[in-house]
Amino acid sequence: MINNNEMIFLGLGVVLLFIGLSVFFWRRNRKKKKIVEASQKVEPASALQKTELPPVTAEPFKPELGKTELKVQPKVESKEDLKDEFTSSKTLKQALSKTEENLWGRIRHLFSSEVAQKNIDDVEEVLYTSDLGPKTVELLMKSVQAELSRGEKNNIDSIKNLLRREFQQIFEKSHVQEPGPDLFSHLNLSGAPSVWLVVGVNGVGKTTTIGKLAAHLAKQGKKVLVAAGDTFRAAAGSQLKVWTDRAQVEIFSPPGVTDPSAVGFDAVQKAKAQNYDVVIVDTAGRLHTQVNLMEELKKLKRVLTKVVPEAPHEVLIVLDANSGQNALAQAREFHSSVQLTGVVLTKMDGTAKGGVAVGLANELQIPIRLIGVGEKIGDLRAFSTQEFVDSIL
Ligand SMILES: Nc1nc2c(ncn2[C@@H]2O[C@H](COP(=O)(O)OP(=O)(O)OP(=O)(O)O)[C@@H](O)[C@H]2O)c(=O)[nH]1
Ligand SMILES: [Mg+2]
């Protein structure tokens, strides 16, 4: 029989246990909420825009081919120089080393000491702060928790294999294809000509990517026309000219034309008449929140179909990996305006935010086609799930 004193002690014990558990779960939820909030904190779009777009009424850009405004004259590489540019790039693993360190490096560190249940929270925190996005982390955590509760707590390899499997599945669902023999072999080349429209916010690497792509296409014997659809920024035409010279392809940049739709239309007409294989249309950087500029992009896309009904065969959004979760917001908005067919993720070299590739694939299911890993021609890669996963895990 329990006497009165024992009853009181037992009661007190139960109350203390209840208070202890409440405090534990309250702190746990608060920590989780903080992590989710931190990972969801999206920089205001304006923060991404280092230089303001000129107002729509800005003096129209009048490109004068051959009379570039650059102080430094474009260096036209010889075939030998170009060969160097194509070959002298870093490996994807080297380019993604900071992302690897930020994601897998931190998980590896957690598992280097003894692993207890509390480390589930720490794994979760690493995932939340690796730019994967909250939805993707939730998906991953279900599997991680199941794996750890199966008694695999001390086995770092089991966590690695699990993340690999999950990442592979996510990329598979987003219709990523393993690259073929050429950088561009998984891009749509079915048109006569094939028309590729390249879009994105300011400074993400659209023009650079177009230059790299054009060089690779030309190297494989494709007849390429690059249309200077960025009629906003005064130096855009000359910058593109540097790239088309370097790539040894033709630029279409009619003097005095300020409407990008007119440039696009005429470029595709010329390409059709003169049997070009590919037309790549550069566009001015614009914020996904600038309604009038997004309307302009829709018009450009519509106009292209007037010459080639299936055009554009690709609508590629260029996203700067450094913008992390903001890249997702950009892709979402551009997708709803111009129905993207693929993503080019640039500046993967030197960023720790490469995990955004997984979040993008999981949430938007638009295939990542290319990765930019530097500023040279050779620093563009066809996205390969296997190579990517091997590089970050
Ligand atoms: N490190 C690195 N730099 C890159 C990469 N891609 C582009 N850049 C650099 O990013 C800067 C902006 O590139 P642009 O190609 O001018 O970007 P853009 O999107 O055309 O810019 P706007 O036309 O102003 O909207 C340049 O200094 C490029 O050299 C990349 O993959 N890695
Ligand atoms: Mg540009």
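## Some details on the sheet that holds strand β5 (residues 314-320)
Read across the open sheet, the eight strands follow the order β3-β2-β4-β1-β5-β6-β7-β8; overall the sheet is mixed. Strands with a single pairing partner mark the edges of an open sheet, and in this sheet they are β3 (250-252) and β8 (380-382). Between one strand axis and the next, the sheet turns through 25 degrees on average, direction left out of account. The pairing of strand β1 (residues 194-199) with strand β4 (residues 278-283) spans four bridges and is classified as parallel.

## What about the side chain of Asp282?
With respect to the helices and strands, the residue Asp282 is situated in strand β4. We note that Asp282 is buried and unpaired, the nearest opposite charge coming from Lys206 at a distance of 6.0 Å. Separated by 2.9 Å, the side chains of Asp282 and Thr207 make a polar contact.

## Details of the site of ligand 1
Lining the immediate surroundings of ligand 1 are 20 residues, of which Lys206, Thr208, Gln239, Asp349 and Glu375 lie closest. Within the side chain of Thr208, an N or O atom sits 2.5 Å from an oxygen atom of ligand 1. About the coverage of ligand 1: the protein hides 81% of its 650 Å² of free accessible area. At four residues, the largest contribution of residues to the shell around ligand 1 is made by helix α9 (residues 206-219). A class-by-class count of the residues in the shell around ligand 1 yields three nonpolar, 10 polar and seven charged.

## Details of unusual backbone geometry
Note the cis peptide between Ala192 and Pro193, where omega equals 5 degrees. Looking at the secondary structure, you find Pro193 in the loop between α8 (156-173) and β1. Omega for the bond connecting Ala311 with Pro312 falls within 30 degrees of zero, at -5 degrees, which places this linkage in the cis form. Looking at where Pro312 falls in the secondary structure, it is placed in the loop between α12 (291-307) and β5. Notably, Gln339 is not glycine yet its phi reads approximately 45 degrees, a positive angle.

## Some points on the pattern of salt bridges
In a structure, side chains of opposite charge can pair up when their charged atoms sit close to one another. Under the counting rule described, the total for this entry stands at 10 salt bridges. Salt-bridge contacts for Lys298 lead to Glu295; the nearest nitrogen and oxygen are separated by 3.0 Å. Of this pair, Lys298 and Glu295 both sit in helix α12, three residues apart, roughly one helical turn. With relative accessibility at 27%, the residue Lys298 sits in the partly exposed group. Residue class for Glu295 comes out partly exposed when judged on its relative accessible area of 40%. Beyond isolated ion pairs, a larger network of salt bridges with shared partners links Glu100, Glu101 and Arg108.

## Some words on helix α7 (residues 134-149)
With 16 residues, α7 should reach 22 Å at 1.5 Å per residue; the first-to-last C-alpha distance of 22 Å fits that figure. The complete set of buried residues in α7 reads Pro134, Thr136, Val137, Leu140, Met141, Ser143, Val144, Glu147 and Leu148.

## What to know about the nonpolar core
Nonpolar side chains tend to gather and get buried jointly when the protein is soluble and globular. Residues Leu127, Phe167, Phe171, Leu213, Ile280, Leu360 and Phe388 are the most contacted members of the largest nonpolar core, which totals 105 residues. Those residues in contact with Leu360 that sit more than four places away from it in its chain are Leu319, Ala327, Leu328, Ala331, Val343, Leu345 and Gln365.

## Describing the packing of aromatic side chains
For the structure shown, the criterion picks out three aromatic pairs. Plain terms: the ring middles of Phe171 and Phe383 are 5.0 Å apart, the flat faces sit at 55 degrees to each other, and that makes the pair tilted. Taken together, the positions of Phe171 in helix α8 and Phe383 in the loop between β8 and α15 (385-392) put the pair 212 residues apart, joining distant regions of the chain. In this structure, Phe171 and Phe383 share a single accessibility class: buried. Pairing Phe171 with Phe388 gives two aromatic rings, centres 5.7 Å apart and planes at 85 degrees, and the pair type is edge-to-face. Residue Phe171 is found in helix α8, and its partner Phe388 is found in helix α15; the two are separated by 217 residues along the sequence. By relative accessible area, which is 0% here, Phe171 ends up buried. For Phe388, a relative accessible area of 0% puts it in the buried group.

## Things to note about the environment of Leu287
Note that Leu287 resides in the loop between β4 and α12. Residues Leu287 and Gly200, 87 residues apart in the sequence, show an inter-C-alpha distance of 7.6 Å.

## Observations regarding the confidence of the model for the protein
Summarising the model, the protein shows a mean pLDDT of 83, and 80% of its residues fall at 70 or more. Segment residues 41-76 is flagged for pLDDT under 50; beyond a separation of four residues in sequence, or across chains, it makes 52 contacts in the model.

The rules behind the values
Residues numbered from 1 in each chain as written. Chains lettered and ligands numbered in written order. Predicted model: local features only at pLDDT ≥ 70, side-chain atom pairs only at ≥ 80, totals over all residues. Heavy atoms only, no water. Pairing = 2+ DSSP bridges. Helix = DSSP H or I, 4+ residues; strand = E, 2+ residues; numbered from the N terminus. Axes fitted to C-alpha atoms, helices over the stretch in contact; angles between N-to-C directions. Buried < 20%, exposed > 50% of the residue type's maximum accessible area, 1.4 Å probe, protein only. Lys, Arg positive; Asp, Glu negative; His and termini not counted. Salt bridge = Lys/Arg side-chain N within 4 Å of Asp/Glu carboxyl O. Polar contact = N/O pair within 3.5 Å; in protein donor to acceptor, adjacent residues only side chain to side chain. Near = heavy atom within 4 Å. Areas by Shrake-Rupley, 256 points an atom, 1.4 Å probe, with all protein chains shown as cover. Nonpolar A, V, L, I, M, F, W, Y, C, P; charged D, E, K, R; others polar. Expected span 1.5 Å × (residues − 1). Core = buried A, V, L, I, M, F, W, Y, C linked by side-chain atoms within 4.5 Å. Contact = heavy atoms within 4.5 Å. Phe/Tyr/Trp six-rings, centres within 6.5 Å; stacked < 30°, edge-to-face > 60°. pLDDT = per-residue confidence, 0-100.

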